[in-house]
Amino acid sequence: MGETGMSSWKDPQIAAVRALLASRAPVFGAALPSRSERRAASDALGEKGALPPGCRHEPLTAAGVKCERVSSPGAIDARRMLYLHGGGYVGGSPRSHRPMVARIAEAAHATAIVADYRLGPEHACPAALEDALAVYRWMLEEGVEPEQIVIAGDSAGGGLTVALALALKELNFPQPAALFVISPWVDLTQSHDSYATKAEDDPIISKAGLDESAAAYLAGFDPRDPRASPVFGNFNGLAPMLIQVGSEEALLGDSLFLSERAGHARVEVRLEIWPEMIHVWHAFGGQLNAARRAITTAGAWINEKLSG
């Protein structure tokens, strides 16, 4: 459908978001911003976003890993969310994702711990996973019950969420109560045909862009190793999983692959494909009713898992 088909979108709000994204796109032939400039711009955008009323954020160090704690007035004392941000393993931070994480934490009635895990190319795979594992272990050592923890993440952070669950199983650590992933990047080989079938419809993600990010983070690490691409791991015994993905994503195939792998392993998995939505549309909570509905739906699912 592509950008020329914007007028045919049934949801006028997603058409408006697409127009906004198109207006921000770099001019053809212009020099692209550096990685450090992109990181700074992403953080600045997140820091400008409004948080739900009463939500607070503060810095935290967990097992030597920089983090951010995001809390809301309705959080249940014992309940925690370990949130792993997206950004292709080469960008993103608790700052860039603060408004979206706050909305998800509020819906889940949980206090969020957002890991500022190490990024490539400065720190190669499996550095991000090592940091995520350290923060989870710290939460357990602090006395948080695994039955009161949800691990959540978007894009690369969604893949990291699943990789962490696999690592916990390998180390005989308890699984959390639930895994919630948004538009997860779980196969760093970029092998699914959705990269071709959705290439004209996805205004954010491209195979070329992910190939570049994967190369920067992997730095020669095997892309089929489950620590990098968790879809190639053994899913038996993993926690229940909710996957939310947009129908217009180049990464749609990763969610299909992930749900299939989980289902074959008898993992409780719920796959939601949201029509017309784009990569991590939850981040547009101020513009999209669909973003707010998706977060509300996820919050209800998380509440059910953590209350059981």
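Structure: above.
Residues numbered from 1 in each chain as written. Predicted model: local features only at pLDDT ≥ 70, side-chain atom pairs only at ≥ 80, totals over all residues. Heavy atoms only, no water.

Peer 1: Teacher, can you tell me more about the side chain of Ser-71 here?
Peer 2: Looking at the secondary structure, you find Ser-71 in strand β2 (residues 65-71). A relative accessible area of 11% means that Ser-71 is categorised as buried. Contacts of Ser-71, omitting those with residues within four sequence positions, involve Gly-54, Cys-55, Arg-56 and Thr-111. (Helix = DSSP H or I, 4+ residues; strand = E, 2+ residues; numbered from the N terminus. Buried < 20%, exposed > 50% of the residue type's maximum accessible area, 1.4 Å probe, protein only. Contact = heavy atoms within 4.5 Å.)

Peer 1: Could you clarify how one ought to interpret the sheet that holds strand β1 (residues 56-62) in this entry?
Peer 2: Either a parallel or an antiparallel arrangement is found when strands of a sheet pair, and the pairing is made through backbone hydrogen bonds. Here eight strands make up an open sheet; going across it, the order is β1-β2-β4-β3-β5-β6-β7-β8 and the pairing mixed. Both edges of this open sheet fall to β1 and β8 (269-274), since each of them pairs with a single strand only. Neighbouring strand axes in the sheet, compared pairwise and without regard to direction, differ in orientation by 20° on average. Bridge count for β1 against β2 is seven bridges, and the pairing is antiparallel. Along β2, the bridge assignment pairs Glu-58 with Arg-69. Contacting β1, β2, β3 (80-84), β4 (111-115), β5 (149-154) and β6 (178-182), helix α3 (residues 98-108) crosses the sheet at an angle of about 150° to β3. Together, β3, β5 and β6 form the strand contacts of helix α5 (residues 156-170), whose direction differs from that of β5 by roughly 140°. (Pairing = 2+ DSSP bridges. Axes fitted to C-alpha atoms, helices over the stretch in contact; angles between N-to-C directions.)

Peer 1: Could you clarify how one ought to interpret α3 in this entry?
Peer 2: One turn of the α-helix equals 3.6 residues, which is why residues spaced by three or four share an orientation. A large share of α3 lies buried, amounting to eight of its eleven residues. Just downstream of α3 lies His-109, where phi reads positive at about 55°.

Peer 1: Explain the pairing of strand β7 (residues 241-246) here, please?
Peer 2: On a regular strand, one side chain projects to one face of the sheet and the next to the other, so that they alternate. Most of β7 sits inside the fold, with six of its six residues counted as buried. Residue alternation in β7 divides its side chains into two sets, Met-241, Ile-243 and Val-245 and Leu-242, Gln-244 and Gly-246, and both sets are buried. Direction of pairing for β6 relative to β7: parallel, over a ladder of four bridges. Across the sheet, residue Ile-182 finds its bridge partner in β7, namely Gln-244. Strand direction decides the pairing type here: β7 and β8, joined by six bridges, are parallel. Among the inter-strand pairings, Gly-246 is bridged to a residue of β8, identified as Trp-274. Between β7 and its parallel partner β8, the chain crosses via helix α8 (residues 252-264), and the hand of that crossover is right-handed. (Right-handed = clockwise from strand over helix to strand, strands pointing away.)

Peer 1: Got a minute to help me understand the environment of Phe-28 in this structure?
Peer 2: Along the chain, Phe-28 falls in the loop between α1 (12-24) and α2 (35-48). Owing to a relative accessible area of 85%, Phe-28 belongs among the exposed residues under this scheme.

Peer 1: Please explain the pairing of β2 as it appears in this structure.
Peer 2: Counting buried positions along β2 yields five of seven residues, so the element is predominantly enclosed. Bridge count between β2 and β4: four bridges; the pairing is antiparallel. For Val-70, the partnering residue across the bridge sits in β4 and is Ala-112.

Peer 1: Teacher, can you tell me more about the nonpolar core here?
Peer 2: Across soluble globular proteins, you tend to see nonpolar side chains buried next to one another. Core analysis: the biggest nonpolar cluster contains 57 residues, and Leu-164 and Phe-235 have the highest contact counts within it. Here this core takes nine residues from α5, the largest share from any one element. Excluding its chain neighbours within four sequence positions, the residues that come into contact with Phe-235 are Val-162, Leu-166, Lys-169, Pro-230, Met-241, Leu-258, Arg-261, Ala-262, Ala-265 and Val-267. (Core = buried A, V, L, I, M, F, W, Y, C linked by side-chain atoms within 4.5 Å.)

Peer 1: Mind showing me how you'd approach the pattern of salt bridges here?
Peer 2: A side chain with one charge may pair with a side chain of the opposite charge, provided their charged atoms come close. The final tally for this structure, using the stated rule, is 13 salt bridges. Here Arg-95 ties to Asp-116 by a salt bridge, and the two come within 3.8 Å at their closest N and O atoms. A residue pair is termed long-range when its members are at least 10 positions apart, and Arg-95 in the loop between β3 and α3 and Asp-116 in the loop between β4 and α4 (127-141) qualify at 21 residues. When its relative accessible area of 28% is taken as the criterion, Arg-95 is described as partly exposed. When its relative accessible area of 21% is taken as the criterion, Asp-116 is described as partly exposed. Between Glu-268 and Lys-305 there is a salt bridge, and its shortest N-O distance comes to 2.4 Å. Taken together, the residues Glu-268 in the loop between α8 and β8 and Lys-305 in helix α9 (residues 289-307) connect sequence positions 37 residues apart. Note on Lys-305: relative accessible area 16%, which makes it buried. (Salt bridge = Lys/Arg side-chain N within 4 Å of Asp/Glu carboxyl O.)

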